[in-house]
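# Summary of structural features
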Amino acid sequence: MCILSKVKIGIAGASGYTGAELLRLCAGHPRLDVAWASGDSQAGGAVADLYPSLAAAYPGLRYSGLGGSGFGPADADGLDLMFLALPHGASQALVPELSKRVGAIIDLSSDFRLRDPSLYRRWYGAEHTAPDLLGAAVYGLPELTRAQLPGAALVAGAGCYVTAAALVLEPLVRAGAIQTAGVIVDGVSGVSGAGRKAAHTSQFATVDSDFVAYGLLEHRHTPEIEQVTGAQVLFTPHLAPMTRGILVTCYARPTEGAPDPLEVLAEAWRGEPFVVVAERSPSTKATLGSNAAHLTARLDRRTGWVVALCALDNLVKGASGQAIQCANVVAGLPETTGLPTVGLCP
C-alpha cells in the first residue's frame, strides 16, 4: 500500500470492546480516517450513545449494519484499509470477497492466525471455510513479523495472551536459553477480554471478589502460543476482577550453560518502542491504556527454573493497538503513529 495523506478505514464490529478501542485510538491518529463503523446489535444507533467516552470524537457517527442488517462487501469499496473486530468464524465468510475490494484487511479474530487448518477443527470445533487464505495471511505481531507486513493484504492480529507469552518466550527459545518441552504459561486477564456480550461469567456479581481458572487444558490460544514460540506449552488462563490487563507468568527449564534470561530479553527487544524490559516485576496497571508491554525474567538456580513475565493491556497491545501498529507498517506509516506508550496512573 502506498503512503496516503489520509488512510480511509472501516471498522466491522465497532460496537464491541475491541472495536470501540479501535475508534478511541483512531480518534488520536493523524492519518487514519474512520469512514464507517458497523455493529449489528447497534445498527442505526449512535456511537456516542453506546460509548459516551467517544462522543467528542464521533458526535454524528452511527453504526451501520453487517450481514443481515444490510451490509455487503460492496460497502467496503473505496476503503484503503478495513479492521475486522468480529467474533470467531465471522471473518472467514467475509474476507474472501472483501479482499477483492479493499487495499488491506487487519483481522483481530483468530480466523487466520493458525497455519494448519486442522487445528481449527481440533481447537475451535469447526472446519475452516477459507483454508487457502491461511498461507497468505501475515501474522500480526510486528516485533516478530515486521519484515512481512509492508504491503500485506491480510494481517491476522496476534491473540492477547499469545502476545504476552510470545514476547517473553520466543526470544528465550530463539537464544537456546530454555528447553522447549513442558513450558508452563499461567495467564491472568481482566473481564474485558470476554467481550461486551452479556454472560453470567462476566457479570459484576460473578466476577467481583473472585479469581478463577478457565479453559483447563483446552484453551484455544494454546496452539497459537506453540506456533509462535516453538515451545510445547501447558496454558492455564485465569479471570481476575479487573476491567483491563493481562499478566502472564511463564516457567521453563533452562538449557545447560544458558545465558541470563533477563539479558536475553533486553538484547532481543533493544530499541523496540513498545517493549519495556526491566528488573522490576511487571504491573498491569502500568500498561493501562498504552500499547506497551512490560517484561522481566529470572533464573532460579535453587529450583532450576526460568520464570519470565509480561504485562500488557489486553485491549491495546493485546488487540486494537497492535492492529493499528500493524496497519501503520502495512500503509507505510511510522510504526508508532497514533499509539501511546505511557499508561494511565493512577
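Look up: the structure comes first, before these words.
Residues numbered from 1 in each chain as written. Predicted model: local features only at pLDDT ≥ 70, side-chain atom pairs only at ≥ 80, totals over all residues. Heavy atoms only, no water.

### Here we look at the packing of aromatic side chains
- Across all of its chains, the model carries two aromatic pairs by this definition.
- Both rings, one in tyrosine 161 and one in phenylalanine 235, keep their centres 5.1 Å apart while their planes meet at 70°; by these two values the pair is edge-to-face. Residue tyrosine 161 is located in helix α6 (residues 160–174), and its partner phenylalanine 235 is located in strand β10 (residues 233–239); the two are separated by 74 residues in the primary sequence.
- Using a relative accessible area of 2% as the deciding quantity, one classes tyrosine 161 as buried.
- Geometry around tryptophan 123 places arginine 122 over its ring, the cationic atom sitting 4.1 Å from the centre. (Phe/Tyr/Trp six-rings, centres within 6.5 Å; stacked < 30°, edge-to-face > 60°. Helix = DSSP H or I, 4+ residues; strand = E, 2+ residues; numbered from the N terminus. Buried < 20%, exposed > 50% of the residue type's maximum accessible area, 1.4 Å probe, protein only. Lys NZ or Arg CZ within 6 Å of the ring centre and 35° of its normal.)

### Topic: the pairing of strand β5 (residues 104–107)
- Where burial is concerned, the two faces of β5 agree: the one with Ala104 and Ile106 and the one with Ile105 and Asp107 are both buried.
- Pairing between strand β4 (residues 81–84) and β5: four bridges, direction parallel. Each bridged residue has a counterpart across the sheet, and for leucine 81 the counterpart in β5 is alanine 104.
- The sheet contact formed by β5 and strand β7 (residues 154–157) spans three bridges and is parallel. Each bridged residue has a counterpart across the sheet, and for aspartate 107 the counterpart in β7 is alanine 156. (Pairing = 2+ DSSP bridges.)

### Remarks on the side chain of histidine 238
- The residue histidine 238 is located in strand β10 in this model.
- Assessed through its relative accessible area of 15%, histidine 238 is described here as buried.
- Here the side chain of histidine 238 touches threonine 236 through a polar contact of 3.3 Å, landing on its backbone oxygen. (Polar contact = N/O pair within 3.5 Å; in protein donor to acceptor, adjacent residues only side chain to side chain.)

### Brief notes about the sheet that holds β4
- The strand order β3-β2-β1-β4-β5-β7-β6 describes an open sheet built from seven strands, whose pairing is parallel. A single partner strand is all that each edge strand has here, and the edge strands are β3 (63–64) and β6 (138–140).
- Bridging between β6 and β7 involves three bridges; their strand directions are parallel. Within the sheet, the bridge partner assigned to glycine 140 lies in β7 and is glycine 157.

### Let's talk about the pattern of salt bridges
- Scanning the model with the defined rule gives 14 salt bridges in all.
- Put simply, glutamate 21 and arginine 24 hold a salt bridge, and the shortest N to O gap is 2.6 Å. Of the two residues, glutamate 21 and arginine 24 are both situated in helix α1 (residues 17–27); the distance of three residues between them amounts to about one turn of the helix.
- Residue classification places glutamate 21 among the buried positions, given a relative accessible area of 4%.
- In the salt-bridge network here, residues are joined through shared partners; they are Glu21, Arg24, Arg244 and Asp313. (Salt bridge = Lys/Arg side-chain N within 4 Å of Asp/Glu carboxyl O.)

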